[in-house]
Amino acid sequence: MKPTQESYTPTFAGTFVVEFAPGEFTSGLKAIEGFDAGQTMALLGRDRITKGPKAYTSVQCGRGKEDHIELNSDLVYINHSCEPNVAFDLSSADRTKWNLRALKRIEPGTFLTFFYPSTEWDMDQPFTCQCKTPTCLGMIQGAKYLSRKQLVAREFASPWILEEVDERDKNGKAVSRL
Ligand SMILES: C[S@@+](CC[C@H](N)C(=O)[O-])C[C@H]1O[C@@H](n2cnc3c(N)ncnc32)[C@H](O)[C@@H]1O
C-alpha cells in the first residue's frame, strides 16, 4: 500500500518528503535533513509495519514464505539504485530496532535509494533499472540472480540473503556473471 498524492500526509514530516511525479512508479523519496554515513535515519516502527504477501511494495525480512512486511509509510517510495545511499537493516531479532540507515553522507534534498536485492531474494515485480550509475546491473530481479561479489559490492545485504547465496553456491548453482 502506498500513500497517494491526493491523500498525502508525510509520515516523517520535516525529515523526508515524497516527490510525486506523473506516471506510474516514477515518484521518489527525498531527504529534507542531512544525514551522516552510518546514521540511523528512521525506525520502521514495530506498530506501523504489517505482514503481507510479497508485492512490489513489500520488504523481505527473512527466508520464509510469510517473511514480507509492508512499511505503511513514505519509506515505500524509496527507489532502487545499483549505487545506493541507504539500506533497510532488518537484521536484529528485535523488530523495534529495524531501521533505515545512511550508507554515505546524504545532503538535504537528495533522493534516497536502496539496493533492492539487499532485502529481496526473488522479486515480485522485476524491472529494468534506470539508476544510470556506472555499475548499473540492468535487470533487477532479486539476490537469487546475483553473485556474492555483486551483493557485497553494495556494502549492505541482509545476513540471511548472504547465507542463502552461500548455500546456493555450495550446491553448485553459482551465478556465472561474476
Ligand atoms: C515500491 S516502488 C518505489 C516507488 C515508485 N517509484 C513509485 O512511484 O511508486 C517500487 C517500484 O518503483 C520502480 N523503480 C524503483 N526503482 C527503480 C529503478 N532504479 N529503475 C526503474 N524503476 C524503478 C519499479 O517499478 C519498482 O517496482
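Calculation rules
Residues numbered from 1 in each chain as written. Predicted model: local features only at pLDDT ≥ 70, side-chain atom pairs only at ≥ 80, totals over all residues. Helix = DSSP H or I, 4+ residues; strand = E, 2+ residues; numbered from the N terminus. Rg over C-alpha atoms; globule rule 2.2 N^0.38 Å. Buried ≥ 20, exposed ≤ 12 C-beta atoms within 10 Å, placed from the backbone. Contact = placed C-beta atoms within 7 Å. Near = placed C-beta within 6 Å. Nonpolar A, V, L, I, M, F, W, Y, C, P; charged D, E, K, R; others polar. Core = buried A, V, L, I, M, F, W, Y, C linked by C-beta atoms within 7 Å. Pairing = 2+ DSSP bridges.

An unreviewed UniProt entry annotates the chain as SET domain-containing protein originating from Crucibulum laeve.

Trainee: Can you tell me about the overall build of the chain, naming the residues and giving the values?
Mentor: Within the chain one finds two helices and twelve strands. Scanning the chain from its N terminus toward the C terminus, one meets helices and strands in the order β-β-β-β-β-β-β-β-β-β-β-β-α-α. The C-alpha radius of gyration of the chain comes to 16 Å, within 12% of the 16 Å expected for a compact globule of 178 residues. For the chain, the spread of C-alpha atoms along the principal axes amounts to about 50 × 35 × 30 Å. Of all 178 residues assigned to the chain, the portion counted as buried reaches 31%. Within the chain, counting contacts between residues at least 6 apart in sequence, those at least 24 apart form 60% of the total.

Trainee: Can you tell me about the site of the ligand, naming the residues and giving the values?
Mentor: Near the ligand there are 17 residues, and of these Phe25, Ser27, Asn79, His80 and Gln130 occur at the shortest range. Here the residues of the shell around the ligand sort into seven nonpolar, nine polar and one charged.

Trainee: Report on the nonpolar core, specifying residues and quantitative values.
Mentor: Generally speaking, a soluble globular protein has its nonpolar side chains buried in company with each other. Judged by nonpolar contacts, the single largest core of 38 residues is most densely connected at Leu29, Ile78, Val86 and Phe114. Looking at this core, the element that brings in the most residues is strand S8 (residues 86-89), giving three residues. What isoleucine 78 contacts, discounting residues up to four positions off in sequence, is Leu29, Val86, Leu112, Thr113 and Phe114.

Trainee: Requested: an account of the sheet that holds strand S5 (residues 58-60), with residues and values cited.
Mentor: Strands sit in the order S4-S6-S5 across an open sheet of three strands; the sheet is antiparallel. Only two strands of the sheet have a single neighbouring strand rather than two, namely strand S4 (50-51) and S5. Looking at chain direction, S4 and strand S6 (residues 68-70) are connected through two bridges and run antiparallel. Opposite lysine 51, over in S6, you have isoleucine 69 as the bridge partner.

Trainee: Before we move on, could you go through the environment of aspartate 36 and cite the residues and values that matter?
Mentor: Looking at the secondary structure, you find aspartate 36 in the loop between strand S2 (28-31) and strand S3 (40-43). With 10 C-beta atoms packed within 10 Å, aspartate 36 lands in the exposed category. The spacing of aspartate 36 and lysine 51 is 15 residues in sequence and 30 Å in space, taken between C-alpha atoms.

Trainee: Go over the environment of isoleucine 69, please, and point to the residues and values.
Mentor: Secondary-structure assignment places isoleucine 69 in strand S6. Exposure remark for isoleucine 69: the 23 C-beta atoms within 10 Å place this residue in the buried category. Taking C-alpha positions, isoleucine 69 is 5.3 Å from serine 58, a pair spaced eleven residues apart along the chain.

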